[in-house]
Amino acid sequence: MVNCAVYVRVSSQLQKDNYSVSSQRQLGVDFCKGNGWTYELYDEVGSAKDIHSREEFSRLVADIEDGNVNAIWCVEFTRLTRGSEEDTSFLKKLCIEHSVQVWILNEQMKFESPEDELFF
């Protein structure tokens with residue numbers, strides 16, 4: 001059984017974009033239910049620039065390291081990180097090391113080809 005982390009984040013309570021917290025949450029839950037997966041919600045308000053200062057992101061990392069997460073779903077990659085190359089590399093390495101799938105909406109991110117590497 002896949003246990004998916006539904007990661008929902010906005011930069012601030014006043015952020016205006018195409019995806020409110022509630023719509024992100026609903027899209028993630030619907031995705032998991034449609035695949036027959038269990039899920040855990042990780043809701044956060046804060047900047048993506050520093051992954052180490054975000055409480056819910058830290059909880060997600062701990063759950064991955066403990067083997068409790070098989071997949072991550074988020075509405076766009078910038079919800080996870082838009083920080084440094086170091087932060088992006090950390091996230092990629094963590095997911096590869098623990099065989100965690102990463103889903104952006106309905107698209108699974110791959111890490112094998114040079115094109116995948118460029119996209120990531």
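Residues numbered from 1 in each chain as written. Predicted model: local features only at pLDDT ≥ 70, side-chain atom pairs only at ≥ 80, totals over all residues. Heavy atoms only, no water.

Some details on unusual backbone geometry
Most peptide bonds take the trans configuration, and most residues that are not glycine carry a negative phi. Even without a glycine there, the phi angle at serine 99 is positive, about 50°. The residue serine 99 is located in the loop between α3 (85-97) and β4 (101-104) in this model. Accessibility expressed as a relative area gives 61% for serine 99, which makes it exposed. The backbone of leucine 105 sits at a positive phi, close to 55°, despite the residue not being glycine. Within the secondary structure, leucine 105 sits in the loop between β4 and β5 (107-109). Its relative accessible area of 29% is what places leucine 105 among the partly exposed residues. (Helix = DSSP H or I, 4+ residues; strand = E, 2+ residues; numbered from the N terminus. Buried < 20%, exposed > 50% of the residue type's maximum accessible area, 1.4 Å probe, protein only.)

Let's talk about the pattern of salt bridges
This model, assessed by the stated rule, comprises four salt bridges. Residue arginine 59 pairs with glutamate 40 through a salt bridge whose shortest N-O separation is 3.2 Å. Of the two residues, arginine 59 sits in helix α2 (residues 55-65) while glutamate 40 sits in strand β2 (residues 38-45), which places them 19 residues apart along the sequence. Overlapping salt bridges bring together Glu40, Glu56 and Arg59 as one network. (Salt bridge = Lys/Arg side-chain N within 4 Å of Asp/Glu carboxyl O.)

So, the sheet that holds β4
Here we have five strands laid out as an open sheet, ordered β2-β1-β3-β4-β5, and mixed in their pairing. Edge positions in the sheet fall to β2 and β5, since each of these pairs with one other strand and no more. Taken over all neighbouring pairs, the strand axes of this sheet differ in orientation by 25° on average, direction set aside. Its contacts with the sheet place helix α1 (residues 21-34) against β1 (3-10), β2, β3 (71-74) and β4, and it is angled at close to 165° to β1. (Pairing = 2+ DSSP bridges. Axes fitted to C-alpha atoms, helices over the stretch in contact; angles between N-to-C directions. Contact = heavy atoms within 4.5 Å.)

With respect to the confidence of the model for the chain
Taken as a whole, the chain shows an average pLDDT of 84; of its residues, 82% reach a score of 70 or greater. Per-residue pLDDT, averaged within each element of the chain, yields its smallest value for helix α4 (residues 114-119) (61) and its largest for β3 (96). (pLDDT = per-residue confidence, 0-100.)

As for the pairing of β4
One face of the sheet, then the other: side chains in a regular strand alternate in exactly this way. Bridge analysis of β3 against β4 gives four bridges, and the strand direction is parallel. Residue pairing in the sheet places alanine 71 in a bridge with glutamine 101 of β4. Hairpin remark: β4 followed by β5, antiparallel, with two residues in the connecting loop; positive phi at leucine 105, about 55°.

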